Amino acid sequence: MLSVKSNYSHTSVTPITATMISLALGTFLLGIFCGRDRKRWILYVTMWGGRKLSSSGSRFLGAHRSAFRGTQADCPRLTTSAAYSKNQLSWTLQIKPSVFSEYRSMCFKSYSMTFACLNRMKSYSLPWTRPYSTSRTTVDSSEVKTFLALAHRWWDEQGVYAPLHSMNDLRVPFIRDNLLKTVADHQPGKPLSGMKILDVGCGGGLLTEPLGRLGASVIGIDPVDENIKTAQHHKSFDPVLDKRIEYRACSLEKIVEETAETFDAVIASEVVEHVIDLEMFIQCCCQVLKPGGSLFITTINKTQLSYALGIVFSEQIAGIVPKGTHTWEKFVSPEKLESILESNGLSVQTVAGMLYNPFSGYWHWSKNTSLNYAAHAVKSSIQEHPAPAEFALKEETEEVRIETSTNSGVHEELKK
C-alpha cells in the first residue's frame, strides 16, 4: 500500500507542474512579443491553460482509477489473513475519497494560481516601454517640485533669484523697444499702454510687474500654485498694478482655446529650458498671438561651455543657482529654436547674446550666444486664401487667349 501511495503523489505533481511551467513560459514570451495587446493574449493563454489543465486532470483521474483497480486486485495478495477484512475494507473506503478530494483541492489551487499569475502580468509593464498617455502637456512635474521649494524666495534680490532680478535691466528694454517698433504713437511714461501681454512661466512676477508699470495689460501664468500666490501677494501692495495684472495658476496649453489670437506679445523668459515638449510649447505660443504679434524668448544655448558654466560652476561650485535647477539636455541652440519658430509661422527678427558677471551681479549684451541669448520673433500677419475655382479657370482662359493671339501675330510677321 505504501508503494502505491507514493506512485499516486508522483503522478499528481508531474502534469500540474509541467503545465504551469509551460503556461508561465508561454505567457512571458507572448508578453514580450505582443506589446500593448496584452488583453487579447491573456484571453488566449487562459483558454489554452484551461484546456491543458483539463486534459491533465482527465489523464490524472484515469491514472487514479486504474491504480485503484489495481489496488483492489492486489489487496488480497498483500494480506496474510482473511481477504478484505473489516479493517482493510474501512481503510479502502476512507482513503479513496481523501485522495480524490486532495486532487480536487490541488486542481482548484492550480487554477487560482494561474489566474492570479495572469492578473499580475496584466498590470505589469516592461521596464523599457513607456505607458501611452492621451493627455499632452508641456509641464515637467520634476521641474514643478524644484520651483515649489523656492516659491517663497522670488522677491529676495540677494537670494537665489538675484540673476533674474538683474536680468530685467536687459530684457525689459529689449521687449519694450521691439514692441514700440510696431506702434506709431505711445503715451509718455506708459509706452505699452493698450497692449495685451502674456507672461508664460511668470514665477513670482519679476518680469510681469515691470511690464505692467509700462502700461501694458499683463496676464501671468505659472503651473506652480505657490508661485502665483507669491506674485499676487506682492502686486497687492501697488493698487495700479493690481488693476493691470492678472495671475493664473495654470499651464499654457490650458488657456490656448479661450485666448486664441488674443495677445500682442508673449513672453517666455527663462522658461523653454524647463518645458517637457518644446515644439508643443512654441505652437501654443503662436496660437495665442495675434497676427503680427511678437514672441520674446530668453534661454540658454546647448553647448559644452553652457554645461561647464551654467551647471557645473553655477550650480555645483559657486552655488549661484540651486542644484538641479537646469538640465543640459533641455537646453536649445538658437539654430534649433529658429527652425521650430519658423515652422510655426514665426519670423525671427533678432538673436542677441547675453552674459552674466557673477562677481558684479550684472548682465550685458554680447555677440557671443554660446551661453545665454535672447530672441524676438514675429507672427506672420499675411494669410493666403485660395482663389475660387471659377476665378482660377477664367484666369487660365485669359492666359491661353493671350498666348494664342501672340502666336498668331508672330506667324503673320513671318509670312510677310
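Note that the coordinates shown come from a computational prediction; the quantities given were computed from them, not determined experimentally.

Rules behind the numbers
- Residues numbered from 1 in each chain as written.
- Predicted model: local features only at pLDDT ≥ 70, side-chain atom pairs only at ≥ 80, totals over all residues.
- Heavy atoms only, no water.
- Helix = DSSP H or I, 4+ residues; strand = E, 2+ residues; numbered from the N terminus.
- Buried < 20%, exposed > 50% of the residue type's maximum accessible area, 1.4 Å probe, protein only.
- Contact = heavy atoms within 4.5 Å.
- Axes fitted to C-alpha atoms, helices over the stretch in contact; angles between N-to-C directions.
- Parallel < 35°, antiparallel > 145°, perpendicular 65-115°, else oblique.
- Left-handed = near helix turned anticlockwise from the far one by under 90°.
- Nonpolar A, V, L, I, M, F, W, Y, C, P; charged D, E, K, R; others polar.
- Phe/Tyr/Trp six-rings, centres within 6.5 Å; stacked < 30°, edge-to-face > 60°.
- Salt bridge = Lys/Arg side-chain N within 4 Å of Asp/Glu carboxyl O.
- Pairing = 2+ DSSP bridges.
- pLDDT = per-residue confidence, 0-100.
- Core = buried A, V, L, I, M, F, W, Y, C linked by side-chain atoms within 4.5 Å.
- Right-handed = clockwise from strand over helix to strand, strands pointing away.

Student: I would appreciate a short explanation of the overall build of the protein in the present structure.
Tutor: On a plain count of helices and strands, the protein comes out with 12 helices and 8 strands. Looking at the 416 residues of the protein, the share that counts as buried comes to 38%. Taking the contacts inside the protein whose residues are at least 6 apart along the sequence as the reference set, 72% of them involve residues at least 24 apart.

Student: Explain the packing of helix α9 (residues 278–288) against helix α11 (residues 334–343) here, please?
Tutor: Helix-helix packing is described using two parameters, namely the angle between the two axes and the distance between the axes. Running from N to C, α9 and α11 point in directions that differ by 45 degrees, and their axes come no closer than 9 Å. Classified by the interaxial angle, the pair formed by α9 and α11 is oblique. When you trace α9 past α11, the crossing you get is right-handed. Residues L278, E279 and I282 of α9 lie in contact with α11, whose contacting residues are L337, I340 and L341. Across the contact of α9 with α11, the residue classes break down as 5 nonpolar, no polar and 1 charged.

Student: Any chance you could explain the packing of aromatic side chains here in plain terms?
Tutor: Any pair of aromatic rings gets described here by the distance separating the centres and the angle formed by the planes. A complete count under the given rule lists 5 aromatic pairs for this structure. Between the aromatic rings of W154 and Y161, the centroid separation amounts to 3.9 Å while the plane-to-plane angle is 0 degrees, which identifies the pairing as stacked. The exposure classification of W154 matches that of Y161, with both residues buried. Seen in terms of ring centroids, F174 and F296 are 5.9 Å apart; in terms of plane orientation they differ by 80 degrees. Their pairing is edge-to-face.

Student: What am I meant to see in the environment of Q158 here?
Tutor: Structurally, the position occupied by Q158 is in the loop between α4 (141–148) and α5 (162–180). The class for Q158 is exposed, based on a relative accessible area of 72%. When the C-alpha atoms of Q158 and G361 are compared, they prove to be 9.7 Å apart, with 203 residues separating the residues in sequence.

Student: I'm lost on the pattern of salt bridges in this one. Help?
Tutor: Two side chains that carry opposite charge are able to pair once their charged atoms sit near each other. Scanning the model with the defined rule gives 8 salt bridges in all. When salt bridges with common partners are traced through the structure, they connect E246, R248 and E258 into a single cluster.

Student: Can you walk me through the sheet that holds strand β7 (residues 362–366) in this structure?
Tutor: A sheet is described by the order of its strands in space; here 8 strands give the open sequence β3-β2-β1-β4-β5-β8-β6-β7, paired in mixed fashion. Strands at the two margins of the open sheet, each flanked by one partner only, are β3 (245–249) and β7. Averaged over all neighbouring strand pairs, the angle between strand axes comes to 20 degrees, with direction disregarded. Relative to strand β4 (residues 263–269), strand β1 (residues 196–200) runs parallel, the two being bridged by 3 bridges. For L198, the partnering residue across the bridge sits in β4 and is V266.

Student: Teacher, can you tell me more about the confidence of the model for the protein here?
Tutor: When pLDDT drops low, the exact placement of atoms in the prediction is not to be read closely. Here the protein shows a mean pLDDT of 74. Residues at 70 or above account for 58%. Throughout residues 384–394 the model reports pLDDT below 50, and contacts reaching past four residues in sequence, or to other chains, amount to 0 contacts.

Student: Please explain the nonpolar core as it appears in this structure.
Tutor: A general trend in soluble globular proteins is that nonpolar side chains are found buried together. In terms of nonpolar packing, the biggest core is built from 34 residues, with Y161, L179, L192, I197 and L211 touching the most fellow members. Within the residue set of this core, elements represented by two or more residues are α5, α7 (225–235), β3 and β4. Considering each element in turn, this core owes the most residues, 7 residues, to α5. Once residues within four sequence positions are removed from consideration, L211 is found in contact with I175, L192, I197, A216, V218 and I267.

Student: What am I meant to see in unusual backbone geometry here?
Tutor: Among all residues save glycine, negative phi is the norm, and among peptide bonds the norm is trans. Positive phi outside glycine occurs at E261, with the angle close to 50 degrees. With respect to the secondary-structure elements, E261 resides in the loop between β3 and β4. In this structure E261 comes out as partly exposed when scored by relative accessible area, which is 42%.

Student: What should I look at first to understand the pairing of strand β5 (residues 289–300) in this one?
Tutor: Remark: a regular strand shows side chains that alternate across the two faces of the sheet. For β5, a buried count of 9 out of 12 residues is recorded, marking the element as mostly surrounded by other parts of the structure. With 6 bridges connecting them, β4 and β5 associate as parallel partners. From the neighbouring strand, S269 faces β5, where its bridge partner is T298. Viewed along the sheet, the connection from β4 through α9 into β5 turns out right-handed. As defined by bridge partners, β5 adjoins strand β8 (residues 372–379) across 7 bridges and the pair is classed as antiparallel. Within β8, the position partnered with F296 by the bridge is H376.

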